[in-house]
Amino acid sequence: DGSQSAPWRTPQHAVDWCRDNLDLAGFFLTIQMLAGTYGFFTASGAFTGSRGVFAVKLLGDPANIHNVKFQSATDTINITNDAHMRLDFIEVASSSGVGITVADAMVNLGVIAYMACPLAHIHAVGNRCVVGIGNSQLTGPVPQHISAEGHSQVQYGNAQVLLLGDIAYTFILLGVFET
């Protein structure tokens, strides 16, 4: 039923059920994820009664961001079509794609550990933006941390970026990236 005593098995089910069955009526929704490794995740469509990017939060483990992992053989996390949300205290990895793809949605990225992602850690496309306000840990080879196309925008402000391992690029620009 999604309670603490009987949690849903996956964040995918929790997000889908809440989007399809709840009216947030301006209130905030936090989905606390248990430690574990989760596969492909997608959120598509607006949450009824949502009031912006902070209204729905997927929350990992603030004590250790590596305890809640999203890993996939393809693109790992896809947030699309006005499914505005915040991701915080998670690890993201992909064996052949992008870590987090945002298409026509707004996503607030909190503290995220980006592991190996062969195409990019973050890919933004469409007419919305990705806002990174938390500290990021970048680990493993990746051709680009951020890619953006269309009228997308990626902003980093007040964030610390920690580079770990063999990084495939030589510089990071902090600020606003817009295409």
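For every chain, the first residue of the written sequence is number 1, and numbering continues from 1 onward in sequence order. Predicted model: local features are reported for residues with pLDDT of at least 70 only, side-chain atom pairs are reported and counted for 80 or more only, and whole-chain, interface and lining totals are derived from all residues. Side-chain measures here rest on the full set of heavy atoms in the structure, leaving out hydrogens and waters.

Participant: Could you clarify how one ought to interpret the overall build of the protein in this entry?
Facilitator: The helix and strand tally for the protein stands at one helix and 18 strands. Here the term buried applies to any residue with accessible area under 20% of the maximum for its type, exposed to any over 50%, and partly exposed to those in between, with areas from a 1.4 Å probe on protein chains only. The burial tally for the protein puts 45% of its 179 residues in the buried class. Should any heavy atoms of two residues lie within 4.5 Å, those residues are considered in contact. Sequence-distant contacts, at least 24 apart, represent 59% of the contacts inside the protein between residues at least 6 apart. The Shrake-Rupley method, run with a 1.4 Å probe sphere, supplies the accessible areas, and residue values consider only the shown protein chains as cover. Approximately 8500 Å² of the protein is accessible, and the part contributed by carbon and sulfur atoms is 55%. Helical segments are the DSSP runs of H or I of at least four residues, strand segments are the runs of E of at least two, and each set is numbered from the N terminus.

Participant: I'm lost on the pattern of salt bridges in this one. Help?
Facilitator: Opposite charge on two side chains permits them to pair, given that their charged atoms come into close proximity. By definition here, a salt bridge exists when the distance from a side-chain nitrogen of Lys or Arg to a carboxyl oxygen of Asp or Glu is within 4 Å. With the rule as written, the count across this model stands at three salt bridges. With a closest N to O distance of 2.9 Å, D20 and R19 form a salt bridge. Under the relative-accessibility criterion, D20 is labelled exposed at 53%. Residue D88 pairs with R86 through a salt bridge whose shortest N-O separation is 2.7 Å.

Participant: It is not clear to me how unusual backbone geometry should be interpreted in this structure. Could you clarify?
Facilitator: In terms of backbone geometry, most residues other than glycine have negative phi values and most peptide bonds are trans. Of note, A25 is a non-glycine position whose phi angle comes to about 50 degrees, a positive value. With respect to the helices, strands and loops of the structure, A25 is situated in the loop between α1 (11-21) and β1 (29-32). Backbone geometry places D104, a non-glycine residue, at a positive phi of 55 degrees. Within the fold, D104 resides in the loop between β9 (98-103) and β10 (107-109). Residue class for D104 comes out partly exposed when judged on its relative accessible area of 30%.

Participant: How should the nonpolar core be read in this particular structure?
Facilitator: A general trend in soluble globular proteins is that nonpolar side chains are found buried together. One finds I77, M85, L87, I90 and L109 to be the most contacted residues of the largest nonpolar core, which totals 36 residues. In terms of residue count, the dominant contributor to this core is α1 (three residues). Residues within four places of I77 in sequence aside, it is in contact with F41, F70, L87, I90, V92, G99, I100 and T101. Throughout this description, the term nonpolar core refers to a set of buried Ala, Val, Leu, Ile, Met, Phe, Trp, Tyr and Cys residues connected via side-chain atoms within 4.5 Å.

Participant: I would appreciate a short explanation of the sheet that holds strand β15 (residues 146-150) in the present structure.
Facilitator: By definition, the strands of a sheet pair up through backbone hydrogen bonds, in either a parallel or an antiparallel sense. Pairing in this open sheet of five strands is parallel, and the strands run β3-β6-β9-β12-β15 from one edge to the other. The sheet is open, and its two borders are formed by β3 (41-44) and β15, each paired with just one other strand. Adjacent strand axes in the sheet meet at a mean angle of 10 degrees when their direction is disregarded. Pairing between strands is defined by DSSP: at least two bridges between the two strands are required. Looking at chain direction, strand β6 (residues 77-80) and β9 are connected through four bridges and run parallel. If you follow I79 over to β9, its bridge partner there is V102. Here an axis means a line fitted to C-alpha atoms, over the contact stretch when the element is a helix, while the angle between two N-to-C directions is reported on a 0 to 180 degree scale.

Participant: In this structure, what is going on with α1? I would like to understand it.
Facilitator: Residue pairs three or four apart in sequence face the same way in an α-helix, which turns once every 3.6 residues. Among the residues making up α1, those that are buried are P11, Q12, A14, V15, C18 and R19. Projected onto a plane normal to the axis of α1, the buried residues spread over an arc of 165 degrees and lie on a single side. In this structure, the buried residues of α1 make contact with β1, β2 (36-38), β3, β4 (56-59), β5 (68-72) and β7 (85-88). For this quantity, the arc is that covered by the directions from the helix axis to the C-beta atoms.

Participant: Looking at this structure, how should I read the side chain of H121?
Facilitator: The topology assignment puts H121 in strand β12 (residues 120-126). A polar side-chain atom of H121 sits 3.1 Å from the main-chain carbonyl oxygen of M115. N or O atoms closer than or at 3.5 Å make up a polar contact, with two conditions inside protein: a donor-capable atom paired with an acceptor-capable one, and, for residues adjacent in sequence, both atoms drawn from side chains.

Participant: So what exactly am I meant to see when it comes to the environment of L22 here?
Facilitator: Summarising the element assignment, L22 is placed in the loop between α1 and β1. Measuring from C-alpha to C-alpha, the distance between L22 and G49 comes to 8.4 Å, with 27 residues separating the pair along the chain. Other than its neighbours up to four places away in sequence, L22 contacts W17 and T48.

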